[in-house]
Amino acid sequence: MEKFFELFKKNLKTARLELRIMEPTLANAEMVWEVVKTQNPDDFKYVWFTATHNSHMTESLEETLQRIKLDYESKTGCAYYVFYQGKFIGYQRIHYIESSRTLQCAAVWFVKSAWGNGFNQEVHKKLESMAFDELGANRICRQIMPANVRSKKSIESGGYHLDGVDRQAEMQPDGTFTDRCLYSKLISEYKQK
Ligand SMILES: CC(C)(COP(=O)(O)OP(=O)(O)OC[C@H]1O[C@@H](n2cnc3c(N)ncnc32)[C@H](O)[C@@H]1OP(=O)(O)O)[C@@H](O)C(=O)NCCC(=O)NCCS
């Protein structure tokens, strides 16, 4: 894990975006919460950003701070708070499973006004090149709930392979269950492109 944290737990840059590791300060939580609270929760019903999972997005400043703290203190991965032109616009959490050299992508979301700019793909291109070219990962995994049409399109156009479906693997905050589609990309596929 040492190499993973050395490479990944730091601020990164892509052509248009800054991916920041957020320290759990009140000022940072306020900045994130000011953005989250303006969003329509219905647009985020396939994501799990919260600390409590009582909803899809954090519901208060306190919970937002709790989320940032969990991310910052994680022993299995890290989370990027994504900025465009100095403004906070999105989030991507990742985990690394060293025993199988697998980078597992977890929650991702962008504010609605940022959708349709290729930002999600830009973040993943960066993560792929770091994971495969620098870390020595063998596989990157991503997953979606089947009804998440935008995310499905984004993952598939990024060249990910649908490995299968975990039936009723996700429990929603309302207690209902949803399937989870599992996607992956192998280093051999990455090198072939
Ligand atoms: C899922 C989500 C991250 C996808 O965002 P997105 O912006 O559609 O994703 P992409 O980065 O793949 O962008 C592709 C779109 O950008 C456009 N685009 C513009 N410039 C582009 C560029 N330079 N490169 C690639 N695509 C570009 C594409 O044409 C495409 O637009 P279209 O979907 O209208 O045809 C976003 O919808 C979201 O935050 N949803 C809510 C949370 C959520 O569901 N998260 C996923 C949980 S699994």
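Scroll up for the structure.
Residues numbered from 1 in each chain as written. Predicted model: local features only at pLDDT ≥ 70, side-chain atom pairs only at ≥ 80, totals over all residues.

Things to note about the overall build of the protein chain
Okay, so step 1: When helices and strands are tallied, the protein chain shows six helices and eight strands.
Okay, so step 2: Secondary structure elements in the protein chain, listed N-terminal to C-terminal, are α-β-β-α-α-β-β-β-α-β-α-β-β-α.
Okay, so step 3: For the protein chain, whose C-alpha radius of gyration is 16 Å, the value lies close to the compact-globule estimate of 16 Å for 193 residues.
Okay, so step 4: Across its three principal axes, the protein chain shows a C-alpha extent of roughly 45 × 35 × 30 Å.
Okay, so step 5: Here the protein chain holds 193 residues, and the buried ones make up 32% of them.
Okay, so step 6: A separation threshold of at least 6 residues defines the contact pool for the protein chain, and within that pool the share at least 24 residues apart is 56%. (Helix = DSSP H or I, 4+ residues; strand = E, 2+ residues; numbered from the N terminus. Rg over C-alpha atoms; globule rule 2.2 N^0.38 Å. Buried ≥ 20, exposed ≤ 12 C-beta atoms within 10 Å, placed from the backbone. Contact = placed C-beta atoms within 7 Å.)

A closer look at the site of the ligand
Okay, so step 1: The immediate surroundings of the ligand are formed by 20 residues, with Trp-109, Gly-118, Asn-120, Ser-151 and Ser-154 found nearest.
Okay, so step 2: For the shell around the ligand, the elements supplying multiple residues, two or more each, are strand 5 (102-110), helix 4 (119-135) and helix 5 (149-157).
Okay, so step 3: For the shell around the ligand, the element with the most residues is helix 5, which contributes four residues.
Okay, so step 4: Across the shell around the ligand, the residue classes break down as nine nonpolar, eight polar and three charged. (Near = placed C-beta within 6 Å. Nonpolar A, V, L, I, M, F, W, Y, C, P; charged D, E, K, R; others polar.)

Considerations on the nonpolar core
Among soluble globular proteins, nonpolar side chains are generally buried collectively.
Okay, so step 1: Within the largest apolar cluster, 36 residues are counted, with the highest numbers of intra-cluster contacts made by Val-82, Tyr-91 and Leu-103.
Okay, so step 2: Not counting residues within four places of it along the chain, the set of residues in contact with Tyr-91 comprises Phe-49, Ala-79, Tyr-81, Val-82, Ala-107, Val-108 and Trp-109.
Okay, so step 3: In terms of nonpolar packing, the next biggest core, distinct from the first, is built from six residues, Ile-155, Tyr-160, Cys-181 and Tyr-183 among them. (Core = buried A, V, L, I, M, F, W, Y, C linked by C-beta atoms within 7 Å.)

Regarding the pairing of strand 7 (residues 161-171)
Successive residues of a regular strand alternate their side chains across the two faces of the sheet.
Okay, so step 1: For strand 7 and strand 8 (residues 177-186), the ladder comprises seven bridges, and the chain directions are antiparallel. Bridge pairing links Met-171 to Phe-177 in strand 8.
Okay, so step 2: In this antiparallel pair of consecutive strands, strand 7 and strand 8, the connection spans five residues, and Gly-175 shows a positive phi of 90 degrees. (Pairing = 2+ DSSP bridges.)

Considering helix 3 (residues 61-73)
Okay, so step 1: Here helix 3 contains 13 residues, and its C-alpha end-to-end distance of 18 Å stays within 8% of the 18 Å for a straight helix at 1.5 Å per residue.
Okay, so step 2: Taken as a whole, helix 3 has its buried residues at Glu-63, Thr-64, Leu-65, Arg-67, Ile-68 and Asp-71.
Okay, so step 3: Buried residues belonging to helix 3 abut helix 2 (26-36), strand 3 (77-84) and strand 4 (87-97). (Expected span 1.5 Å × (residues − 1).)

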